[in-house]
Amino acid sequence: MIRVNVPATSANMGPGFDCLGVALGLYNRIEVDRRKEGLLIENLGKDAEVLPVDETHMVYQSMKRVYDEVGEPLKGLHIKVFNEIPVSRGLGSSAACIVGGMMAANELLNQPLDREKILELSVEVEGHPDNVTPALLGGVVVSTKGDGKTAYLQFPISPKLEWTIAVPNVSLSTKEARLALPKVVPFENAVKNVGNASLLVASLLTEDFSVLNSALRDCLHQPYRSKLLPELDYIFTEAQKKQVNQLYLSGAGPTLAYLNWQEKDEGREAFLRLLKKTTEIWGRKWDILTLKGDNKGAEIM
Ligand code: HSE
């Protein structure tokens, strides 16, 4: 039996649309085993009831992609997935399935593919690199797909950083969230994002977090996506008025992430109050998780 642990990820981190992501200390465990024939899939844990138990399951599809790559037939298979990562919420649940499935298939086949090849295939299946690269490698990953091969650099997440993750009781598919994006953006907004994304990477590398309140601001995707839910729009508008900007939409949303490095953070308190307000106004419920970064990435146990 092969067992793989894969971390959740938080992509974009505000201004780093499709190119910046971190691995977080929340995991899916995937166990796979050969069986005589047929496919048996068991989903356990968070949101297990919404996941398929047939060939459309992302773990199976990703395993199949590896078997096809090496020209081996995929016959009987038992897949067991223990989920901690909520599904379709912006915390990289599909990236965890893709990376975990590919690593498990590679182990079953006695490792015909190296890490680089698994990374390349994962990006191909996911379509963008900012979730699958930190899921595979851990830490912070800056990645860009460009026209050909994915170029990326990984570095560790400071132990000082802490994420307050607010997961709403509503899902949003990445596909739907990408449809909300405009075809063109004002030049000045693009310039702001380049500046903030660069500042953010410099801040994470130098561990000078005093700039995070500016560096996490985005104007490429969050203003459009926050319109998809009135609660998000309200939170971003109110947070901006109060200069609470260490807040971003995790991946394509609808999960919100607040990044802090000091134990007492007034912005974080204000963020929690805004969440409560959405419960009062719209009845929206949030699961609050306090997470550290993961610097190990996907591991065969
Ligand atoms: N960068 C992707 C997006 C992440 O924002 O659509 C999806 O998880």
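A. Region of the structure containing the overall build of the chain. Scanning the chain from N- to C-terminus turns up ten helices and eleven strands. Its C-alpha atoms give the chain a radius of gyration of 19 Å, near enough to 19 Å, the size a compact globule of 301 residues would have. Across its three principal directions, the C-alpha atoms of the chain cover 60 × 40 × 40 Å. In the chain, which comprises 301 residues, the share counted as buried stands at 52%. Total accessible area computed for the chain in this model is approximately 13,600 Å², and 52% of it derives from carbon and sulfur atoms. The distance from the centre of the 34 positive side-chain charges to the centre of the 38 negative ones in the chain is 3 Å.

B. Layout of the site of the ligand. Looking at the ligand, the residues that line it are Asn 12, Phe 17, Asp 18, His 128, Asp 130, Asn 131, Thr 174, Arg 178, Arg 225, Gly 251 and Ala 252. Within the contact set of the ligand, an oxygen atom lies 2.6 Å away from a side-chain nitrogen or oxygen of Arg 178. Arg 225 is positioned with one of its side-chain polar atoms (N or O) 2.7 Å from an oxygen atom of the ligand. In isolation the ligand offers 260 Å² of accessible surface; the protein chains occlude 97% of this area. Among the detected pockets, the ligand sits in the largest pocket. For the shell around the ligand, the elements supplying multiple residues, two or more each, are α4 (129-137) and α5 (174-179).

C. Seen up close, helix α6 (residues 187-206). With 20 residues, α6 should cover 28 Å at 1.5 Å per step; its first-to-last C-alpha distance of 29 Å lies within 8% of that length. Turning to α6, its buried residues are Asn 189, Asn 193, Asn 196, Ala 197, Leu 200, Val 201, Ser 203 and Leu 204. The arc that holds the buried residues of α6, viewed along the axis, is 160 degrees, so those residues lie on one side. Every exposed residue of α6 that faces more than 90 degrees away from the buried side is listed here: Phe 187, Glu 188, Val 194, Leu 205 and Thr 206. The secondary structure elements touched by the buried residues of α6 are β2 (20-34), β5 (140-144), β6 (151-155) and α7 (212-215).

D. Spotlight on the domain arrangement of the chain. In terms of domain boundaries, the chain breaks down into domain 1 (2-156 + 294-300) and domain 2 (162-291). Computed over C-alpha atoms, the centres of domain 1 and domain 2 are 25 Å apart. Facing the 26 residues of domain 1 at the interface are 38 residues of domain 2. Here domain 1 meets domain 2 over a buried area of about 2,200 Å², counting both sides, of which 67% is carbon and sulfur. Among the residues domain 1 hides against domain 2, the three largest losses belong to Met 13, Pro 15 and Arg 89. Together they make up 29% of the total.

E. A look at the pairing of β6. When β5 meets β6, the two strands line up antiparallel, connected through five bridges. Note on β6: the bridge partner recorded for Val 142 is Leu 153. Two successive antiparallel strands, β5 and β6, enclose a turn made up of six residues, where Gly 146 displays a positive phi of approximately 55 degrees.

F. Summary view of the state of the cysteines. For the structure shown, the criterion picks out zero disulfides. Here Cys 219 stays free of any disulfide, with the sulfur of Cys 19 as its closest cysteine sulfur at 14 Å.

G. Broad picture of the sheet that holds strand β9 (residues 256-260). Read from one edge to the other, the open sheet built from four strands follows the order β8-β9-β7-β10, with strand pairing classed as antiparallel. In this open sheet, the two strands that pair with only one neighbour each are β8 (247-249) and β10 (286-291). The average angle at which neighbouring strand axes cross in this sheet is 20 degrees, direction not considered. Two elements, strand β7 (residues 162-168) and β10, share six bridges in a ladder whose sense is antiparallel. The residue bridging Thr 164 from the neighbouring strand is Thr 290, located in β10.

H. Representation of the packing of aromatic side chains within the structure. In this structure the tally under the stated criterion is three aromatic pairs. Plain terms: the ring middles of Phe 209 and Trp 261 are 6.1 Å apart, the flat faces sit at 50 degrees to each other, and that makes the pair tilted. Of this pair, Phe 209 sits in the loop between α6 and α7 while Trp 261 sits in the loop between β9 and α10 (266-282), and the two are 52 residues apart along the sequence. Residue classification places Trp 261 among the partly exposed positions, given a relative accessible area of 25%. Here the aromatic rings of Tyr 234 and Trp 282 are separated by 5.6 Å at their centres, their planes lie at 65 degrees, and the arrangement is edge-to-face.

Here is what the cut-offs are and how they apply
Residues numbered from 1 in each chain as written. Predicted model: local features only at pLDDT ≥ 70, side-chain atom pairs only at ≥ 80, totals over all residues. Heavy atoms only, no water. Helix = DSSP H or I, 4+ residues; strand = E, 2+ residues; numbered from the N terminus. Rg over C-alpha atoms; globule rule 2.2 N^0.38 Å. Buried < 20%, exposed > 50% of the residue type's maximum accessible area, 1.4 Å probe, protein only. Areas by Shrake-Rupley, 256 points an atom, 1.4 Å probe, with all protein chains shown as cover. Lys, Arg positive; Asp, Glu negative; His and termini not counted. Charge placed at Lys NZ, Arg CZ, Asp CG, Glu CD. Near = heavy atom within 4 Å. Polar contact = N/O pair within 3.5 Å; in protein donor to acceptor, adjacent residues only side chain to side chain. 1 Å grid on protein atoms, 1.4 Å probe; cavity = no way out; pocket = protein on both sides within 12 Å on 5 of 7 lines; lining within 4 Å. Sits in = over half its atoms within 2 Å of the grid points. Expected span 1.5 Å × (residues − 1). Arc of directions from axis to C-beta. Contact = heavy atoms within 4.5 Å. Domains from an automatic or database assignment. Buried area = accessible area lost by both parts, 1.4 Å probe. Pairing = 2+ DSSP bridges. Disulfide = S-S within 2.5 Å. Axes fitted to C-alpha atoms, helices over the stretch in contact; angles between N-to-C directions. Phe/Tyr/Trp six-rings, centres within 6.5 Å; stacked < 30°, edge-to-face > 60°.

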